[in-house]
Amino acid sequence: MGSQSFMGSRSGSRTALVIVDLQQDFCEGGALPVEGGRDLAVRISDYVRACRGDYVLVVTTRDWHEPDGTNGGHFAAPGTDPDFLHTWPVHCVQGTPGAAYVEEFAPLLDVVDAEILQGQGDPGYSAFSGATSDGHTLEDLLAGVEADSVEVVGLATDYCVSATAVDAAANPEREVAVLLDLCREVHSSTALAAVNRMLDAGVVIRYAIPLGADR
Ligand SMILES: [Zn+2]
């Protein structure tokens, strides 16, 4: 990956990169692991090292659930099994090791501008429903740097990545892209549906790494 070439973001735009939920619980060994999560964290780290200068803002998000209750039905009720579509095992509880950044990505936090914490008692998946620790929304952060373009990567395509991208595209003035080779999915079937939802919303689906290169 050291000599890997990347497509980079669009020239002439003020692009923000949103890196979604690279957390221990969503990677191998965590409470709700996505296959390939750790490898993805390495790939995103390589990408950020190579392309940091293309972005006016780099934001990470973390799923950050309350320790008590079901977070609005997001966690399966005690004594019931999660369906892995709408209800989930307990994961990413505030302040626990599972909510920490996966160690493959943690060294890159030095070049991240801000963090959105999301899912605090709320079953939604979009980073636009979260806030920084001092109360700023992702919309506030984008406005603060006059971003006219947003790119989204991370975990997982079918849930938080797609929900965030669709919400970003609600502003018709904004160009929104998901870099699909820098995302991983929970299920292939729900990921396909998510890609269709994103396309319907006007999100561009593209790759960070050119076709023909090792992906
Ligand atoms: Zn969650």
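Scope of this entry: the structure provided in the associated data block. (Residues numbered from 1 in each chain as written. Predicted model: local features only at pLDDT ≥ 70, side-chain atom pairs only at ≥ 80, totals over all residues. Heavy atoms only, no water.)

### Topic: the packing of aromatic side chains
The condition is simple: Ring pairs shown here join Phe, Tyr and Trp side chains whose ring centres sit within 6.5 Å, with only the six-membered ring taken for Trp; geometry is labelled stacked below 30 degrees between planes, edge-to-face above 60, and tilted in between. Think of it in three bands: with a 1.4 Å probe and only protein chains considered, a residue is buried below 20% of the maximum accessible area for its type, exposed above 50%, and partly exposed in between. Secondary structure follows DSSP: runs of H or I at least 4 residues long count as helices, runs of E at least 2 residues long count as strands, and numbering of each begins at the N terminus.
Counted under the stated rule, the structure contains five aromatic pairs. Centre to centre, the rings of tyrosine 47 and tyrosine 55 are 6.3 Å apart; their planes meet at 65°, and the pair counts as edge-to-face. Residue classification places tyrosine 47 among the buried positions, given a relative accessible area of 1%. Between tryptophan 88 and tyrosine 159 the ring centres are 4.9 Å apart and the planes differ by 85°, which places this aromatic pair in the edge-to-face class. Of the two residues, tryptophan 88 sits in the loop between β2 (57-63) and β3 (114-118) while tyrosine 159 sits in helix α3 (residues 157-168), which places them 71 residues apart along the sequence. Members of the aromatic cluster, each reached through a chain of ring pairs, are Phe84, Trp88, Tyr125 and Tyr159.

### Overview of the pairing of β2
The condition is simple: For the handedness criterion, the strands are oriented away from the viewer, and a crossover whose path from the first strand over the helix to the second runs clockwise is classed as right-handed. Any two strands with at least two DSSP bridges between them are considered paired.
Along β2, seven of the seven residues are buried, which leaves the element largely enclosed by surrounding structure. Going residue by residue along β2, you find Leu57, Val59, Thr61 and Asp63 tucked away on one face and Val58, Thr60 and Arg62 tucked away on the opposite face as well. A crossover connection joins strand β1 (residues 15-20) to the parallel β2 through helix α1 (residues 37-51); in handedness this β-α-β unit is right-handed. Inspection of the sheet shows β2 paired to β3 by five bridges, in the parallel sense. Its bridge partner lying in β3, threonine 60 is registered against glutamate 115.

### Some points on the packing of α3 against helix α4 (residues 188-200)
Quick note on the threshold: Comment: axis = line fitted to C-alpha atoms, over the contacting stretch for helices; angle = value between 0 and 180 degrees taken between N-to-C directions. If an angle is under 35 degrees, it is roughly parallel; if it is over 145, roughly antiparallel; if it lies from 65 to 115, roughly perpendicular; otherwise it is oblique. Should any heavy atoms of two residues lie within 4.5 Å, those residues are considered in contact. By the convention adopted, Pro, Cys, Tyr, Trp, Phe, Met, Ile, Leu, Val and Ala count as nonpolar, Lys, Arg, Asp and Glu as charged, and the other residues, Gly among them, as polar.
With their axes 9 Å apart at the nearest point, α3 and α4 run at an angle of 5° to one another. Looking at the two axes, α3 sits roughly parallel to α4. Of the residues in α4, those in contact with Thr157, Asp158, Tyr159, Ser162, Ala165 and Val166 of α3 are Thr190, Ala191, Ala194, Arg197 and Met198. For the contact of α3 with α4, the class distribution of residues is six nonpolar, three polar and two charged.

### Overview of the nonpolar core
For soluble globular proteins, the rule of thumb is that nonpolar side chains tend to be buried together. Here is the rule we go by: The set of buried Ala, Val, Leu, Ile, Met, Phe, Trp, Tyr and Cys residues whose side-chain atoms join them within 4.5 Å is what this entry labels a nonpolar core.
With 34 residues, the main nonpolar core has Leu17, Ile19, Leu22, Ile44, Tyr47, Phe105 and Leu155 as its most contacted residues. Of all elements in the fold, only β1, α1, β4 (149-155) and β5 (175-184) reach the threshold of two or more residues within this core. If you tally residues by element for this core, the top one is α1, at six residues. Among all residues touching leucine 22, those that are not within four sequence positions of it are Leu40, Ala41, Ile44, Thr61, Ala100, Tyr101, Val102, Phe105, Gly154 and Leu155.

### What to know about the pattern of salt bridges
Our working definition: Any carboxyl oxygen of Asp or Glu that lies within 4 Å of a side-chain nitrogen of Lys or Arg is treated as forming a salt bridge with it.
Taken as a whole and assessed by the stated rule, the structure comprises nine salt bridges. The shortest N-O distance in the salt bridge between arginine 38 and glutamate 104 comes to 3.0 Å. You can see arginine 38 sitting in helix α1 and its partner glutamate 104 sitting in the loop between β2 and β3, a full 66 residues away along the chain. Of the residues examined, glutamate 104 reaches a relative accessible area of 25% and is grouped as partly exposed. Residue glutamate 115 pairs with arginine 62 through a salt bridge whose shortest N-O separation is 2.6 Å.

### Regarding the coordination of the zinc ion
Let me state the cut-off plainly: In this analysis a donor is any N, O or S atom within 2.8 Å of a metal ion (3.2 Å for sodium, potassium and calcium), and since water is not included, sites may seem incomplete.
Each protein donor to the zinc ion is listed here as Asp63 (OD), His65 (NE2), His74 (NE2) and His91 (NE2); together their distances run 2.1 Å. Sequence spacing among the residues donating to the zinc ion works out to D-x1-H-x8-H-x16-H. Of this pair, histidine 74 sits in the loop between β2 and β3 while histidine 91 sits in the loop between β2 and β3, and the two are 17 residues apart along the sequence. Looking at histidine 74, the relative accessible area reads 3%, which means it is buried.

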